[in-house]
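# What the coordinates show
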Amino acid sequence: MKHRIHTANTQLFAYFIFFALLGSVLFQIPQLYVSGKPVPYVDGLFTTVSALCVTGLSTVDMSVYNGAGLILLLFFIETGGLGLVTFFTVYLAVPSKKISLVNRNFIRDFFVEDAEVNPRQIIVRILLTTVVIQTAGAVLLAFLLHGAGETHSIFYGIFLSVSAFCNAGFAPYSDNLHRFYADYGICTVVSLLIIAGGLGFTVINDIAVYVYRRLHHGKRCMLSFHTHIVLFMTALLIASGALLFFAAEYTHAFKNMTIPQKICSAFFQAVTLRTAGFDTVAQNTFSAPSTIVSVLLMMTGGSPGSMAGGLKTTTVFLVCCYAFKDQEDKGDLSVFRRDIPTAVLEKAVGVFVKGFCIFIVSLLLLAFSEHAALQSRIFTLSDLIYESVSAFGTVGVSKGVTPLLSTYGKIVIILTMFAGRTGIIAMTMNAAHGRVQKELTDYPYGTVIVG
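Residues numbered from 1 in each chain as written. Predicted model: local features only at pLDDT ≥ 70, side-chain atom pairs only at ≥ 80, totals over all residues. Heavy atoms only, no water.

### Some words on the overall build of the protein chain
Secondary structure assignment for the protein chain yields 16 helices and two strands. Counting over 451 residues, the protein chain shows a buried share of 53%. Sequence separation of at least 24 residues holds for 72% of the intrachain contacts in the protein chain that already meet a minimum separation of 6. (Helix = DSSP H or I, 4+ residues; strand = E, 2+ residues; numbered from the N terminus. Buried < 20%, exposed > 50% of the residue type's maximum accessible area, 1.4 Å probe, protein only. Contact = heavy atoms within 4.5 Å.)

Right, dumping it as structure tokens:
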């Protein structure tokens, strides 16, 4: 079993490395650029990894790409978003009629709970869900963009729909979505696509089944416990984030906006920081309180089995519940009238701590690589913290320092994006299956003073 888990991790990394190298070579083709001159190799690699990790950070302006370049970028966004979710499902379920215990647990943990019953239907379900949501989003956005005077409304509608649902954050405009900060229709559609992409296919499927049974059969049915937690955390993070942004930026970043525009911008900021990376207001205009809130939202990210990155909503929820548990309470942690197994709590704490360690290492390396820029005050340590968290959470927002990074700094961000997208999943796989062999020796208990 241990060998199979390591093999699955190797396949996961190989999948991303293969497409990252492929994209870095393809982005050297001159015909992909308006000027006919390709960007430096490290920038092509950076863009490819950012697309594969559905991050949205870029060291070059999107205006350098022509239609062909944007189509290639869209391909890698879909490969990194939908591809990651479906790759193992296709690979593990299709080749044989039977699915192993390890592979079955992997699919069930990340996608749907009935993997052992009908694994191949998972593929159809994921693809159908993606096609329906992205098509609906593309149609609505194309209509709204046409109304806003966009001449490439159909293509840009498709691009934004795929990028938003995959939580990638790439926009075909130099100013991202700043020009649409007052367009409530576009902001709402993009926000809904981001939220849908960050829920996870398990939750989307659970909600669809719940609605279908209630409408067509009138049957009483319950959403799963996992879905309850995901929806609770999603609503809590978006609502609290929007309120905090509205209060902090009312007379700051939003000072020249009307009240409806301020509400729309605050809501969009709270949504996009759930690993999407779009922005309608420049990130470097936000105040210190908003920056702190942004970092916390980016670290949390989306939900398991979704297009989003980060530590995941369920992980943060369980860690917070465990941290604030009354020390006098005995037995398992109880949440929403359900007991949480100790193994699940240990898994959540382990992923949380390891993820935080990845971020610290990334920030330390970035501080070393950008020492000269920090000394020259080109940007601050706060900017690097924001950049590192954004890369780790595969969010893609930036305070404008991404193009200013040194070559070594760009490599650090590339590795951070890669770790944020694949490392958390690999750690979860290892934690989910626990130790392969039971320890043969039990050692005496040791006493440690804590606190």
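### Section: the pattern of salt bridges
Taken as a whole, this structure holds two salt bridges when the rule is applied. Taking the shortest distance from any N to any O, the salt bridge between aspartate 43 and lysine 410 comes out at 2.9 Å. Pair noted here: aspartate 43 is in helix H2 (residues 41-52) and lysine 410 is in helix H16 (residues 407-433), with a separation of 367 residues, a long-range link. Exposure remark for lysine 410: the relative accessible area of 10% places this residue in the buried category. Here arginine 179 makes a salt bridge to aspartate 175, at a shortest N to O gap of 3.2 Å. Look at arginine 179 and you get partly exposed, because its relative accessible area is 47%. (Salt bridge = Lys/Arg side-chain N within 4 Å of Asp/Glu carboxyl O.)

### Re the packing of aromatic side chains
Two numbers describe a pair of aromatic rings. These are the distance of the centres and the angle of the planes. Tallied over the entire structure, the rule returns 21 aromatic pairs. Between tyrosine 156 and tyrosine 173, the aromatic rings sit 5.3 Å apart at their centres with planes inclined by 80°, giving edge-to-face as the arrangement. Here tyrosine 156, found in helix H6 (residues 153-165), pairs with tyrosine 173, found in the loop between H6 and helix H7 (184-199); they are 17 residues apart in sequence, far enough to count as distant. Tyrosine 173 matches tyrosine 156 in its accessibility class, with the two residues each being buried. (Phe/Tyr/Trp six-rings, centres within 6.5 Å; stacked < 30°, edge-to-face > 60°.)

### Some thoughts on the confidence of the model for the protein chain
Taken over all residues, the pLDDT of the protein chain has a mean of 85, while the share at 70 or more is 82%. Note that residues 1-5 has pLDDT below 50 and, in this model, 10 contacts with residues that lie over four places away or in other chains. This stretch, residues 434-440, has a pLDDT under 50; its non-local contacts, to residues over four places away or in other chains, come to two contacts. (pLDDT = per-residue confidence, 0-100.)

### Here's the deal with a nonpolar patch on the surface
Judged by side-chain polarity, Ile17, Leu21, Val25 and Tyr41 come together as a nonpolar surface patch covering roughly 380 Å² of accessible area. Of all the elements, helix H1 (residues 2-26) adds the most residues to the nonpolar patch, at three residues. Within the element layout of this structure, leucine 21 appears in helix H1. (Patch = residues over 30% accessible without salt bridge, like charges linked within 9 Å, V, L, I, M, F, W, Y side chains within 5 Å. Areas by Shrake-Rupley, 256 points an atom, 1.4 Å probe, with all protein chains shown as cover.)

### Quick word on unusual backbone geometry
Non-glycine residue valine 54 carries a positive phi angle of around 40°. Its place among the elements puts valine 54 in the loop between H2 and helix H3 (67-93). Given the relative accessible area of 1%, valine 54 is considered buried. Phi angles above zero are rare outside glycine, and asparagine 176 is one such case at about 60°. On the secondary structure map, asparagine 176 appears in the loop between H6 and H7. On the basis of relative accessible area, asparagine 176 is assigned to the buried category, the value being 14%.

### Quick word on the packing of H6 against H7
The geometry of H6 relative to H7 is characterised by a closest axis approach of 7 Å and an angle of 40° between their N-to-C directions. By the angle class used here, H6 and H7 are oblique. Contact residues: H6 offers Ser161, Ala164 and Phe165, while H7 offers Val190, Leu193, Ile194, Ala196 and Gly197. Taken together, the residues of the contact of H6 with H7 break down into six nonpolar, two polar and no charged. (Axes fitted to C-alpha atoms, helices over the stretch in contact; angles between N-to-C directions. Parallel < 35°, antiparallel > 145°, perpendicular 65-115°, else oblique. Nonpolar A, V, L, I, M, F, W, Y, C, P; charged D, E, K, R; others polar.)

### Here we look at the nonpolar core
Counting 110 residues, the largest nonpolar core has Ile77, Leu177, Val190, Phe278 and Met417 as the members making the most contacts within it. In terms of residue count, the dominant contributor to this core is H7 (eight residues). (Core = buried A, V, L, I, M, F, W, Y, C linked by side-chain atoms within 4.5 Å.)

### Quick word on helix H9 (residues 225-249)
The end-to-end C-alpha distance of H9 is 36 Å, a good match for the 36 Å that 25 residues give at a rise of 1.5 Å each. Taken residue by residue, H9 has Thr227, Ile229, Val230, Met233, Thr234, Leu237, Ile238, Gly241, Ala242, Phe245 and Glu249 as its buried positions. Of the surrounding elements, those touching the buried residues of H9 are H7, helix H8 (201-217), helix H10 (259-272), helix H11 (288-300) and helix H12 (313-323). (Expected span 1.5 Å × (residues − 1).)

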